[in-house]
Amino acid sequence: KYVAVAWLVYLGLGGRIGGPRRALATLLIAALLGVHDELIQGLHPDRSFGIRDIVANGFGAAAGAWHHVAILFMALVAGLAVYPLIAAVFGLPFR
């Protein structure tokens, strides 16, 4: 599920941060959300805290950040419109 979280974080950062810093910020924010999720689970009596789960959440966040960067890079190289449906729904410019 943290692949999807990373995608949403990446999109949410929008034009605030660009380039590799955006991917790194995505990874850090999504991974911190995973740590937060595990800490909250540790407080719940029916759930358990696990370091392995934190690591798995971090790998999911990394996969999501990398996947998004790879998609954008391939679209840029090919000169394709990046997410034209999302751009159309939100009224954003795309090429």
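Criteria and thresholds
Residues numbered from 1 in each chain as written. Predicted model: local features only at pLDDT ≥ 70, side-chain atom pairs only at ≥ 80, totals over all residues. Heavy atoms only, no water. Helix = DSSP H or I, 4+ residues; strand = E, 2+ residues; numbered from the N terminus. Buried < 20%, exposed > 50% of the residue type's maximum accessible area, 1.4 Å probe, protein only. Contact = heavy atoms within 4.5 Å. Areas by Shrake-Rupley, 256 points an atom, 1.4 Å probe, with all protein chains shown as cover. Axes fitted to C-alpha atoms, helices over the stretch in contact; angles between N-to-C directions. Parallel < 35°, antiparallel > 145°, perpendicular 65-115°, else oblique. Left-handed = near helix turned anticlockwise from the far one by under 90°. Nonpolar A, V, L, I, M, F, W, Y, C, P; charged D, E, K, R; others polar. Patch = residues over 30% accessible without salt bridge, like charges linked within 9 Å, V, L, I, M, F, W, Y side chains within 5 Å. Salt bridge = Lys/Arg side-chain N within 4 Å of Asp/Glu carboxyl O. Polar contact = N/O pair within 3.5 Å; in protein donor to acceptor, adjacent residues only side chain to side chain. Phe/Tyr/Trp six-rings, centres within 6.5 Å; stacked < 30°, edge-to-face > 60°. Lys NZ or Arg CZ within 6 Å of the ring centre and 35° of its normal. Expected span 1.5 Å × (residues − 1). pLDDT = per-residue confidence, 0-100.

A. Up close: the overall build of the chain. Check the secondary structure of the chain and you find 4 helices and 0 strands. Expressed as a percentage of its 95 residues, the buried residues of the chain come to 26%. In the chain, the proportion of contacts linking residues at least 24 apart, taken out of those at least 6 apart, comes to 47%. Of the roughly 6,500 Å² of accessible surface on the chain, 74% is carried by carbon and sulfur atoms.

B. Main features of the packing of helix H1 (residues 2–13) against helix H2 (residues 19–43). At a minimum axis separation of 9 Å, H1 and H2 run at an interaxial angle of 130°. When the axes of H1 and H2 are compared, the pair comes out oblique. Here H1 and H2 pass one another in a crossing that is right-handed. Only Arg 22, Ala 23, Ala 25, Thr 26, Ile 29, Ala 30, Leu 33, Gly 34 and Asp 37 of H2 make contact with H1, whose side of the interface consists of Tyr 2, Val 5, Ala 6, Val 9, Tyr 10, Leu 11 and Leu 13. Partitioning the contact of H1 with H2 into residue classes produces 12 nonpolar, 2 polar and 2 charged.

C. Here's a closer look at a nonpolar patch on the surface. A cluster of nonpolar side chains, Leu 39, Phe 49, Ile 51, Val 55 and Phe 59, forms an exposed patch at the surface whose accessible area comes to about 520 Å². It is helix H3 (residues 51–78) that provides the largest number of residues to the nonpolar patch, a total of 3 residues. Topologically, Val 55 is positioned in helix H3.

D. Quick peek at the side chain of Gln 41. Assignment of secondary structure puts Gln 41 in helix H2. Overall, Gln 41 belongs to the buried group, its relative accessible area being 10%. Polar side-chain contacts of Gln 41 include one of 3.4 Å to the side chain of Arg 47.

E. Region of interest: the packing of aromatic side chains. In total, this model carries 0 aromatic pairs according to the counting rule given. Lying over the aromatic face of Tyr 10, Arg 22 brings its terminal NZ or CZ to 4.0 Å of the ring centre.

F. Looking closely at the pattern of salt bridges. In the structure shown here, the tally under the stated rule is 1 salt bridge. Between Lys 1 and Asp 37 there is a salt bridge; the shortest N-O distance is 3.5 Å. Of this pair, Lys 1 sits in the segment before H1 while Asp 37 is found in helix H2, placing the two residues 36 residues apart along the sequence. Its relative accessible area of 70% is what places Lys 1 among the exposed residues.

G. The arrangement of H1 in detail. With 12 residues, H1 extends 16 Å from end C-alpha to end C-alpha; this agrees with the ideal 16 Å at 1.5 Å per step. Phi for Gly 14, located one or two positions after H1, is positive at around 45°.

H. Region of the structure containing the confidence of the model for the chain. In this model, the chain carries a mean pLDDT of 77, and residues with pLDDT of at least 70 account for 74%. Per-element mean pLDDT across the chain ranges from 57 in helix H4 (residues 84–90) up to 86 in H2.

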